[in-house]
Amino acid sequence: MLFFSYFKELVGKEVTVELKNDLAIRGTLHSVDQYLNIKLENTRVVDQVKYPHMLSVKNCFIRGSVVRYVQLPPDGVDVEVLHDATRREARGG
């Protein structure tokens, strides 16, 4: 639940999601659920030459099981909050 809680804080910010098939999609995080399924709006493909068929996609839903990485905005990472949440979860509370 730690990552789910953290990703909920990033709703409305721009993220890049890299999939296991090497496709990377950048967009505004619209929603995320407990399975880390992600909905992006205003999307664009990072490598447009390799994936020209994806140019017309503006919104997408990404199943959590196909996500390799999520690149966060630099200002979206509050290390202290993550440390505190990790300690709380490790203690079981």
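In case you missed it, the structure is sitting above this.
Residues numbered from 1 in each chain as written. Predicted model: local features only at pLDDT ≥ 70, side-chain atom pairs only at ≥ 80, totals over all residues. Heavy atoms only, no water.

Quick notes on the overall build of the protein
Our working definition: Under the scheme used here, helices are H or I runs from DSSP no shorter than 4 residues and strands are E runs no shorter than 2 residues, and both carry numbers assigned from the N terminus. Only protein chains enter the accessibility calculation, which uses a 1.4 Å probe. A residue is then buried if its area is under 20% of the maximum for its type, exposed if over 50%, and partly exposed in between. Residues count as neighbours in contact if any of their non-hydrogen atoms are within 4.5 Å of one another. With residues, only the protein chains shown are counted as cover, and all accessible areas are computed by Shrake-Rupley using a 1.4 Å probe. Positive charges come from Lys and Arg, negative ones from Asp and Glu, while His and the chain ends are left out of the count. Charged side chains are reduced to one point each, which is NZ for Lys, CZ for Arg, CG for Asp and CD for Glu.
Along the protein, the regular secondary structure elements total two helices and five strands. In the protein, the order of α-helices and β-strands from amino to carboxyl end is α-β-β-β-β-β-α. Across its three principal directions, the C-alpha atoms of the protein cover 50 × 25 × 20 Å. Counting all 93 residues of the protein, 32% fall into the buried class. Sequence separation of at least 24 residues holds for 48% of the intrachain contacts in the protein that already meet a minimum separation of 6. As presented, the protein carries roughly 6,300 Å² of accessible surface, and 53% of it is formed by carbon and sulfur atoms. For the protein, the separation between the mean place of its 13 positive charges and that of its 12 negative charges on side chains is 4 Å.

Notes on the sheet that holds strand E5 (residues 67–71)
Whenever strands of a sheet pair, they do so through backbone hydrogen bonds, lying parallel or antiparallel. Heads up, the rule is: Strands pair, by our definition, only if DSSP identifies at least two bridges between them. Helix axes are fitted only over the stretch in contact, all axes being lines through C-alpha atoms; the angle between N-to-C directions runs from 0 to 180 degrees.
A sheet is described by the order of its strands in space; here five strands give the open sequence E4-E3-E2-E1-E5, paired in antiparallel fashion. The open sheet terminates on both sides in strands that have one partner only, identified here as strand E4 (59–62) and E5. Sheet twist, expressed as the mean angle between neighbouring strand axes with direction ignored, is 40 degrees. Bridge analysis of strand E1 (residues 14–19) against E5 gives four bridges, and the strand direction is antiparallel. Bridging across to E5, Thr 16 finds its partner in Gln 71.

Topic: a nonpolar patch on the surface
For clarity, the threshold we go by: Nonpolar side chains (Val, Leu, Ile, Met, Phe, Trp, Tyr) are joined into patches within 5 Å and like charges within 9 Å, using only residues with over 30% relative accessible area and no salt bridge. Criterion for a salt bridge: a side-chain nitrogen of Lys or Arg within 4 Å of a carboxyl oxygen of Asp or Glu.
There is a patch of nonpolar side chains on the surface, built from Leu 72, Val 77 and Val 79 and spanning about 200 Å² of accessible area. Structurally, Val 79 is set in helix H2 (residues 79–91). On the basis of relative accessibility, which here comes to 42%, the residue Val 79 falls in the partly exposed class.

Observations concerning the pairing of E1
As a general feature of sheets, a regular strand has side chains that alternate between the two faces. Most of E1 is tucked away, with five of its six residues classed as buried. Taken together, the five bridges between E1 and strand E2 (residues 24–32) define a ladder with antiparallel strand orientation. Across the sheet, the residue bridging to Val 15 is Gly 27, located in E2. Connecting E1 to the next strand, E2, in antiparallel fashion are four residues, including Asp 22 with a positive phi near 75 degrees.

Considerations on the nonpolar core
Rules: Only buried residues count toward a nonpolar core. Its members are Ala, Val, Leu, Ile, Met, Phe, Trp, Tyr and Cys residues joined through side-chain atoms within 4.5 Å.
Among the nonpolar cores identified, the biggest contains 19 residues, and Val 17, Leu 19, Leu 23, Ile 25, Ile 38, Leu 40 and Ile 62 are the most heavily contacted of them. When residues of this core are traced back to their parent elements, those giving at least two are helix H1 (2–9), E1, E2, strand E3 (38–45) and E4. For Leu 23, the residues in contact, after removing those within four places along its chain, are Val 17, Glu 18, Val 45, Tyr 51 and Met 54.

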